[in-house]
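# Reading the structure
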Amino acid sequence: MTDQIWTEVDDYLAGALLAPDPVLDAALADADTAGLPHIAVAPNQGKLLHLLARMAGARTILEIGTLGGYSTIWLARALPAGGKLVTCEYDPKHAEVAKANLARAGFGEDVVDVRVGAALDTLPTLAGPFDFVFIDADKVNLANYLRATLDLSRPGTTIVVDNVVRQGRVADPDDDDPNVRGARELIDLLASEDRIDATAVQTVGGKGYDGFALALVR
Ligand code: SAH
Ligand code: DHB
Ligand code: MG
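Below or above, wherever it landed, is the structure these notes cover.

The rules behind these values
- Going along each chain's sequence as written, the residues are numbered from 1 onward.
- The lettering of chains begins at A and the numbering of ligands begins at 1, in the order of writing.
- Local features in this predicted model are restricted to residues of pLDDT 70 or higher, and side-chain atom pairs are both shown and tallied only at a pLDDT of 80 or more, whereas totals for entire chains, interfaces and linings draw on every residue.
- Hydrogens and water are ignored here; the side-chain numbers use all heavy atoms of the structure.
- Secondary structure elements follow DSSP: runs of H or I no shorter than four residues count as helices, runs of E no shorter than two count as strands, and numbering proceeds from the N terminus.
- For a compact globule the rule gives 2.2 Å times the number of residues to the power 0.38, and the radius of gyration it is set against comes from C-alpha atoms.
- In what follows, a contact means two residues having at least one pair of non-hydrogen atoms within 4.5 Å.
- For accessible areas, the Shrake-Rupley method is used with a probe of radius 1.4 Å. Any residue's cover is judged against the shown protein chains and nothing else.
- Neither His nor the chain termini are counted; the positive set is Lys and Arg, and the negative set is Asp and Glu.
- A charged residue contributes its charge at one atom only: NZ of Lys, CZ of Arg, CG of Asp or CD of Glu.
- Any N, O or S atom lying within 2.8 Å of the metal counts as a donor, and for Na, K and Ca the limit rises to 3.2 Å; water is left out, so some sites can look incomplete.
- Summary of the burial criterion: residues with accessible area below 20% of their type's maximum are buried, those above 50% are exposed, and those between are partly exposed, where the area comes from a 1.4 Å probe applied to protein chains only.
- When DSSP locates at least two bridges between a pair of strands, those strands are taken to pair.
- Fitting a line to C-alpha atoms yields each axis, with helices limited to the stretch in contact; the angle taken between N-to-C directions then spans 0 to 180 degrees.
- In protein, a polar contact means a hydrogen-donor-capable atom and an acceptor-capable atom, both N or O and within 3.5 Å, with residues adjacent in sequence counting only if both atoms are side-chain atoms; elsewhere, any N or O pair within 3.5 Å suffices.
- The patches described consist of residues with a relative accessible area above 30% and no salt bridge, like charges being joined within 9 Å and nonpolar side chains (Val, Leu, Ile, Met, Phe, Trp, Tyr) within 5 Å.
- Salt bridges are counted wherever a side-chain nitrogen of Lys or Arg sits within 4 Å of a carboxyl oxygen of Asp or Glu.

### Things to note about the overall build of the chain
A count of helices and strands for the chain gives 8 helices and 7 strands. Relative to the 2.2 N^0.38 estimate, which gives 17 Å for 218 residues, the radius of gyration of the chain is 16 Å and therefore close to what a compact globule would have. Along the first, second and third principal axes, the C-alpha atoms of the chain reach 45 × 45 × 30 Å. A separation of at least 24 residues holds for 71% of the contacts in the chain among residues at least 6 apart in sequence. For the chain, the accessible surface area stands at approximately 10500 Å², while carbon and sulfur atoms represent 54% of it. Averaging the locations of the 19 positively and 32 negatively charged side chains of the chain gives two centres separated by 5 Å.

Structural data, given as structure tokens:
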């Protein structure tokens, strides 16, 4: 099993199950032109987030880590009329690219609110509860983001966290990489927090070997 077949299968699945989407393609192209890193969710993962948000009946969505707004567009498309999304981004350049991509996708500031700043500063200023939360910013703070998210949740809030497997390194308690430690802190908190039922799944694909955590607030 190699990364190459993972990418081939991702391309096959996305080609079969995802409609051609010039708006999403343009969002990635413009993020690339602006020099943003290639770390957005894969297309089939974006659609997974979109479907999960719809399954949850989400009318209010919180995203932590916007980048160029690729996952944001997938999530915003899950909202019903009158729904709202808040997305937190530290880097003003990333936020500018995201706003342009969101505008082209038809989402003005009345629907998607891009908040620039360190998410741990922004989150306490937000009014919850949110129905659905996607945590995908810096990995060192994953557990801190989960704590802040709980303050913005209600029973039934769905929480999805990206990048919790880190090429399998999450299972090594001696790995001292800060991102790996951040993922382990998140898993520990998911396990110990009485207000949460959680699982995590490994993923392979065009983005390599990683995984998502999924949590439901009781
Ligand atoms: N969700 C995006 C990818 C996000 S990449 C997608 O799938 O399309 C992670 C993003 O988190 C980057 O844009 C990075 O600038 C941002 N970030 C890093 N540290 C942050 C912080 N402390 N607060 C908010 N955003 C942060
Ligand atoms: C990386 C991947 C991500 O999905 C992310 O949100 C941040 C970083 C990475 O592979 O470095
Ligand atoms: Mg990610």
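### Focus on the environment of T2
Residue placement: T2 occurs in the segment before α1 (3-17). Each C-alpha atom, one on T2 and one on L85, is 37 Å from the other, the two residues being 83 residues apart in sequence.

### Notes on the coordination of the magnesium ion (ligand 3)
The coordination sphere of the magnesium ion (ligand 3) contains the protein donors D136 (OD), D162 (OD) and N163 (OD1), at a distance range of 2.0 to 2.2 Å. The sequence pattern formed by the donor residues of the magnesium ion (ligand 3) is D-x25-D-N. Residue classification places D162 among the buried residues on the basis of a relative accessible area of 3%.

### Thoughts on the sheet that holds strand β4 (residues 132-135)
Strand order across the open sheet formed by 7 strands is β3-β2-β1-β4-β5-β7-β6, with mixed pairing between neighbours. Edge strands, defined here as strands with exactly one partner in the open sheet, are β3 (112-116) and β6 (196-205). Each strand of the sheet is rotated relative to its neighbour by a mean of 15°, with strand direction disregarded. The pairing of β4 with strand β5 (residues 158-162) spans 4 bridges and is classified as parallel. Opposite V133, over in β5, you have I159 as the bridge partner. Packed on one face of the sheet, helix α7 (residues 142-150) meets β1 (60-64), β4, β5, β6 and β7 (208-217) and runs near 165° to β4.

### Digging into the environment of R218
Secondary-structure assignment places R218 in the segment after β7. Given a relative accessible area of 57%, R218 falls into the exposed group. As for R218 and T158, which are separated by 60 residues in sequence, their C-alpha atoms are 9.8 Å apart. The residues contacting R218, other than those within four sequence positions of it, are P155, D194, R195, I196 and D197. At 2.9 Å, the side chain of R218 and the side chain of D197 are in polar contact.

### Details of a nonpolar patch on the surface
Taken together, the side chains of I5, V9, Y12, L13 and L17 present a nonpolar region at the surface, about 470 Å² in accessible area. Locating V9 in the fold gives a position in helix α1.

### Let's talk about α7
For α7, a buried count of 7 out of 9 residues is recorded, marking the element as mostly surrounded by other parts of the structure. Within α7 the residues assigned to the buried category are L142, A143, Y145, L146, A148, T149 and L150.

From the geometry alone we can't say anything about function, so treat these as descriptive.
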